[in-house]
Amino acid sequence: MGSYRICVCFTRKFRVVEAGPPPDVKVAFKEYSEGGTHMTAEQLLRFLAEVQGEGHASLSDAESIVEQILQKRHHIAKFTRKTLTLEDFHHYLFSPDLNPAMVSRVHQDMSAPLSHYFIYTGHNSYLTGNQLSSDCSDAPIIKALHRGVRVIELDIWPNSAKDDVDVLHGRTLTTPVALIKCLKSIKEYAFSTSPYPVVITLEDHLTPDLQAKVAQMITETFGEMLFCPESECLTKLPSPEEMKHRIIISTKPPKEYLEAKRSEDKPKDSQKEKDSDDDVWGEEPSKLTAAQENDDKSDSDGSDHNQDTEDFGDFDQKVHPSRAYKSLIAIHAGKPKGGLKEALEVENEKVRRLSLSEQALEKAAESHGMDVVRFTQQNILRVYPKGTRFNSSNYKPLIGWMHGAQMVAFNMQGYGRSLWLMHGMFRSNGGCGYVKKPDFLMDNGPHNQVFDPKEKLGVKKTLKVKVYMGDGWHLDFKQTDFDLYSPPDFYTRVGIAGAPADETMKKTKKKEDNWTPVWNEEFTFPLTVPELALLRIEVHEYDMSEKDDFAGQTCLPVSELRAGIRVVPLCDRKGVQFSSVKLLMRLRRAEPPEDVKVLFQVYSENGTMSIDHLLRTLTDPVELIKCLQAIKDYAFYSSDYPVVITFEDHLTPNLQAKVAQDESDQGDDHLDEDLQNEAPEYRRLIAIHAVKLKGRLENMLTVDSNKVLRLSLSEQELQDAATTNGSRIVRFTRRNLLRVYPKGTRVDSSNYNPLVGWMHGAQMVAMNMQGYGKNLWRMQGMFRANGGCGYIKKPGILLNDDPYGQVFNPSETTSIKTVLKVKLYMGEGWHSDFRHTHFDLYSPPDFYAKLSITGVPADSMKKKSRPIEDEWIPAWNEEFEFPLTVPELALLRIEVRDYDTTGKHDLAGQTCLPVSELRTGIRSVPLHDHKGEKYESVKLLMSFNFD
């Protein structure tokens, strides 16, 4: 790039070196050029089909690419050769116009009603800056329309002389702009980027005579472009296709002015502002009383002059109504009388638009999430920024989209990560401003149920992203923009914005002193809701002493990504694309074969597959009678106490009868004659009746004094339930059995932390015993208690109320009951149980010990000893202290590892001991391997004491 001055006398010189093609590009070129030095159009076509997923490409398409690349790079050679070199091929892949990462045309069905689409929506579209003191202008409206925004919001107020109409943010210091100027600009630029309809939402603060004047302005300005409905209220929204090049007006129907004036003068309303956050919907749903809901009369986005208590069209015709103004309103805004639940009711005879602040939507999503989704299937929901965003910042749009909100309104004049997400979403569908909502938001189930945004879903797709390299900063930035003394140190952050389960952010290593960084790093993103996922990409320049410098960003909808090696142009903070800065990446969606998809559809439930369902598809079966005989032979080999057999039953009644016969060995000949739709003999064998979670958890946790039962919850269901119903679960398990089982995605037979179950009194914390790992070590440790008989008495805190009559709550921190003191003296036996080169080829091992407590959250703690170098019999002589609030549930975990400076530290033994069973004094502690098998010789010498 040039020279960087270090001080007065010295300079450092750096050269911008053009990075060559990444290894994957070289491999692809070699493979598809069949080992040659040039690639023909026919060979390029095969690459397009097999790597880039462009099966529709033709030979003429490939020839056109070759011609354009040669035109750019070899103006004379284009007349003599028709093939690409490796450098030409790399240049093609790095060309945004020839190899984009996204589809660049409208490709979705545009014939559905408007409620079926997410619509690019602006908030206070006329403001040039902040919400309090910036100028109002038509310039930001024009800019938004150029970007593809389809919903423009105008706040209309009487001018100072009360004889004309201005656009401004009321009750602030913003300077106004004439309404007619905004309307003319909308007419001129509405379809400069997209032919699909522009919706103008009006926040109306006018008298009836000025409303009539606005009606005249709109009619004269837009003429035939204006969509005027034939009926007063639409029963179904039109489609974007039939509304091409049309202007649609949406606002609340006008009320008689004097009534509005009286409402304005009421003390409780005089404090309200547009976008007020003081309405009752700002309270937590749990605190919202019925009286408060019914008393709520303000529209979340309403003006003081237009309260939302209207029954649309009930106006006093004696006082100057504006019939012309009213006739222009195609989409009626506002909400019926009542509270949130009433506002979300779907009316078959009309459609409407409801506005909620970002905070009101969050509260509504907590208590009425499925009602919101159902409402948005037919009606329009607009979400807008809370009133305290004076600096024109924005909120996270995903919560609106997850609930089907069509108009997620943003301050387009701001910038930041939330606005980047908005830009990313509306790059979809050719950037036309309308994006078809995913089918799951529009479909109803067999019992008319709709999508539940809170439901835990399985992974649908896996996105693999490889970041090869970046280029162009030396062209778009000055050489000292990032660092005064050396070239930049770039790194890339890659992640997903979308459903909560999908959200993550990862980053590459930094590349020092390089204007053309090469990373070659790959990242994997499992996605539960790929339809709403956005791929976030940011490049930063590492700064040791200050905040890292921004070097570019973009956001791409995952559903629109084109597979293969693609170029990704980056944008600045405001979302404007740089001239030259871009990344080369590989994008792959890992999808199962069609046969696997069919099997998943057959055996899954609600989009997820449990271990049980998976076993039915892939595992080799074993006869039930063989299992029963083995249980009989070995049931009491280690313990005299009862064995419980839990059945997951997928049988017909006649097979149930056969199972009963196998179990009881009765051999009754008349069983089949008694069987109609059930097997009574089978039923009689069931000692503990089991149920699964259906409906509300609170109902399932109700304790019935007349019967006992076994409830099964997945690990995820228990974790979710524990956050709100922890004490109720504890009370339920005093009388009934609770079984917890691994989530369905643990196809590798891994396990979860069993402590969350035990803390809540769950008796049957089911684990995959054929697996191994730290969580299974915890299970093995717990059941070393009570002589290893398989039954451990639950502590009194889980079975009895405290002195104040309260049930134990695992999430609450209590006072320290005892302090466990552990002294680690030494270890031995490794030289007997391991080969001398097992840990290190060149020297004896460097052992260190890790000691930790697993228990209630307040007790969890990790500590470790120093490593003892080159010693088979390490002597540490270190003491550790562990304060314990619930020692009855605490486990002491011990691991010994060999320290490795270059790789992962090798496991040299582990064990897990229940604290309540520890014997004080100096004790020997045998260690086990990673599968839980005890070593013959490896052991530690330790002492245990309690304070």
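Residues numbered from 1 in each chain as written. Predicted model: local features only at pLDDT ≥ 70, side-chain atom pairs only at ≥ 80, totals over all residues. Heavy atoms only, no water.

Novice: Summarise the overall build of the chain; cite the residues concerned and give the values.
Specialist: When helices and strands are tallied, the chain shows 29 helices and 33 strands. Out of the 947 residues in the chain, the part that is buried amounts to 50%. Excluding contacts between residues fewer than 6 apart, the proportion of contacts in the chain whose partners are at least 24 apart in sequence is 70%. (Helix = DSSP H or I, 4+ residues; strand = E, 2+ residues; numbered from the N terminus. Buried < 20%, exposed > 50% of the residue type's maximum accessible area, 1.4 Å probe, protein only. Contact = heavy atoms within 4.5 Å.)

Novice: Residue-level account of the packing of helix 6 (residues 179–189) against helix 7 (residues 208–222), with values.
Specialist: Close contact between helix 6 and helix 7 brings their axes to 10 Å; oriented N to C, the two are set at 25°. Judged by the inter-axis angle, helix 6 sits roughly parallel to helix 7. Both helix 6 and helix 7 take part in a crossing whose hand is right-handed. Between helix 6 and helix 7, the residues in contact are Leu179, Ile180, Leu183, Lys184, Ile186 and Lys187 and Val214, Met217, Ile218, Thr221 and Phe222, respectively. In terms of residue class, the contact of helix 6 with helix 7 is made up of 8 nonpolar, 1 polar and 2 charged. (Axes fitted to C-alpha atoms, helices over the stretch in contact; angles between N-to-C directions. Parallel < 35°, antiparallel > 145°, perpendicular 65-115°, else oblique. Left-handed = near helix turned anticlockwise from the far one by under 90°. Nonpolar A, V, L, I, M, F, W, Y, C, P; charged D, E, K, R; others polar.)

Novice: Go over the nonpolar core with me, naming the residues and quoting the values.
Specialist: In a soluble, globular protein the nonpolar side chains are often hidden away together inside. Ranked by size, the top nonpolar core spans 76 residues in total, and within it Leu154, Ile156, Ile186, Ile200 and Ile247 carry the most contacts. Excluding anything up to four places from it in sequence, Leu154 contacts Tyr126, Ile141, Val167, Leu179, Cys182, Leu183, Ile186, Ile200, Thr201, Leu202 and Glu203. Counting residues in hydrophobic clusters, the runner-up holds 32 residues, among them Leu711, Met759, Leu798 and Leu889. (Core = buried A, V, L, I, M, F, W, Y, C linked by side-chain atoms within 4.5 Å.)

Novice: Summarise helix 7; cite the residues concerned and give the values.
Specialist: Taking 1.5 Å per residue, 15 residues should reach 21 Å; helix 7 reaches 21 Å between its end C-alpha atoms and fits that length. Pro208, Leu210, Gln211, Val214, Ala215, Met217, Ile218, Thr221 and Phe222 are the residues of helix 7 that are buried. Viewed end-on, helix 7 has its buried residues packed into an arc of 165°, placing them on one side of the element. When the buried face of helix 7 is taken as reference, the exposed residues oriented beyond 90 degrees from it are Asp209 and Glu220. A positive backbone phi angle near 55° is found at Gly223, which sits one or two residues after helix 7. (Expected span 1.5 Å × (residues − 1). Arc of directions from axis to C-beta.)

Novice: Mind laying out the pattern of salt bridges, listing which residues take part and the relevant values?
Specialist: Should their charged atoms come close, side chains of opposite charge can pair. Scanning the entire structure with this criterion turns up 36 salt bridges. Notably, a salt bridge pairs Glu681 with Arg684, separated by 3.8 Å at the nearest N-O pair. Here the residue Glu681 and the residue Arg684 both occupy positions in helix 23 (residues 680–684), the gap between them amounting to 3 residues, near one helical turn. Overall, Glu681 belongs to the buried group, its relative accessible area being 13%. Taking the shortest distance from any N to any O, the salt bridge between Glu895 and Arg897 comes out at 3.0 Å. (Salt bridge = Lys/Arg side-chain N within 4 Å of Asp/Glu carboxyl O.)

Novice: Quick one: what's the story with the pairing of strand 11 (residues 380–384), residue by residue and with numbers?
Specialist: For strand 11, a buried count of 5 out of 5 residues is recorded, marking the element as mostly surrounded by other parts of the structure. A two-sided burial pattern is seen for strand 11, the buried positions comprising Ile380, Arg382 and Tyr384 on one face and Leu381 and Val383 on the other. Two strands pair when backbone bridges link them, and strand 10 (residues 353–357) and strand 11 are joined in this way by 5 bridges, in the parallel orientation. Bridging across to strand 11, Leu354 finds its partner in Leu381. Taken together, strand 10, helix 13 (residues 358–376) and strand 11 form a β-α-β motif whose crossover is right-handed. Pairing between strand 11 and strand 12 (residues 407–410): 2 bridges, direction parallel. Following the sheet pairing, Arg382 is matched in strand 12 by Met407. (Pairing = 2+ DSSP bridges. Right-handed = clockwise from strand over helix to strand, strands pointing away.)

Novice: Requested: an account of the environment of Glu895, with residues and values cited.
Specialist: Take Glu895: it is sitting in strand 30 (residues 891–898). Note on Glu895: relative accessible area 2%, which makes it buried. Taking the C-alpha atoms as reference points, Glu895 and Asp929, separated by 34 residues in sequence, lie 10.0 Å from one another.

Novice: Outline the environment of Phe410, supporting the account with residue identities and numerical values.
Specialist: By secondary structure assignment, the location of Phe410 is in strand 12. With a relative accessible area of 0%, Phe410 lands in the buried category. Taking the C-alpha atoms as reference, Phe410 lies 8.7 Å from Val383; in sequence the two are 27 residues apart. Not counting residues within four places of it along the chain, the set of residues in contact with Phe410 comprises Thr121, Gly122, His123, Asn394, Tyr395, Pro397, Ser418, Leu419 and Met422.

Novice: Can you lay out a nonpolar patch on the surface for me, pointing to particular residues and giving the numbers?
Specialist: A surface patch of nonpolar side chains, about 460 Å² in accessible area, is lined by Leu624, Ile631, Phe636, Val643, Ile645 and Phe647. You can call Leu624 partly exposed: its relative accessible area is 31%. (Patch = residues over 30% accessible without salt bridge, like charges linked within 9 Å, V, L, I, M, F, W, Y side chains within 5 Å. Areas by Shrake-Rupley, 256 points an atom, 1.4 Å probe, with all protein chains shown as cover.)

Novice: Give a detailed account of the packing of aromatic side chains, specifying residues and quantitative values.
Specialist: For the structure shown, the criterion picks out 25 aromatic pairs. Pairing Phe834 with Phe839 gives two aromatic rings, centres 5.0 Å apart and planes at 40°, and the pair type is tilted. A relative accessible area of 12% places Phe834 in the buried class. For Phe839, a relative accessible area of 7% gives the class buried. A network of ring pairs unites the aromatic residues Trp473, Phe477, Phe482, Phe490, Trp515 and Phe578 as a single cluster. The aromatic ring of Phe525 is capped on one face by Lys506, whose charged end is 5.0 Å from the ring centroid. Over the ring of Phe94 we find Lys582, and its NZ or CZ is 5.3 Å from the ring centre. (Phe/Tyr/Trp six-rings, centres within 6.5 Å; stacked < 30°, edge-to-face > 60°. Lys NZ or Arg CZ within 6 Å of the ring centre and 35° of its normal.)

Novice: Go over the pairing of strand 20 (residues 564–571), please, and point to the residues and values.
Specialist: Of all 8 residues making up strand 20, 7 are buried, and the element is well covered by its neighbours. Two strands pair when backbone bridges link them, and strand 20 and strand 21 (residues 577–590) are joined in this way by 7 bridges, in the antiparallel orientation. Paired with Val568 across the two strands is Leu583, which belongs to strand 21. Following strand 20, the chain reverses through 5 residues before pairing antiparallel with strand 21; Gly575 in that reversal takes a positive phi of roughly 90°.

Novice: Requested: an account of unusual backbone geometry, with residues and values cited.
Specialist: Backbone geometry places Arg171, a non-glycine residue, at a positive phi of 60°. Looking at where Arg171 falls in the secondary structure, it is placed in the loop between strand 5 (165–167) and strand 6 (177–178). The phi dihedral of Ser392 is positive, around 65°, even though this residue is not glycine. Here Ser392 shows up in the loop between strand 11 and helix 14 (398–402).

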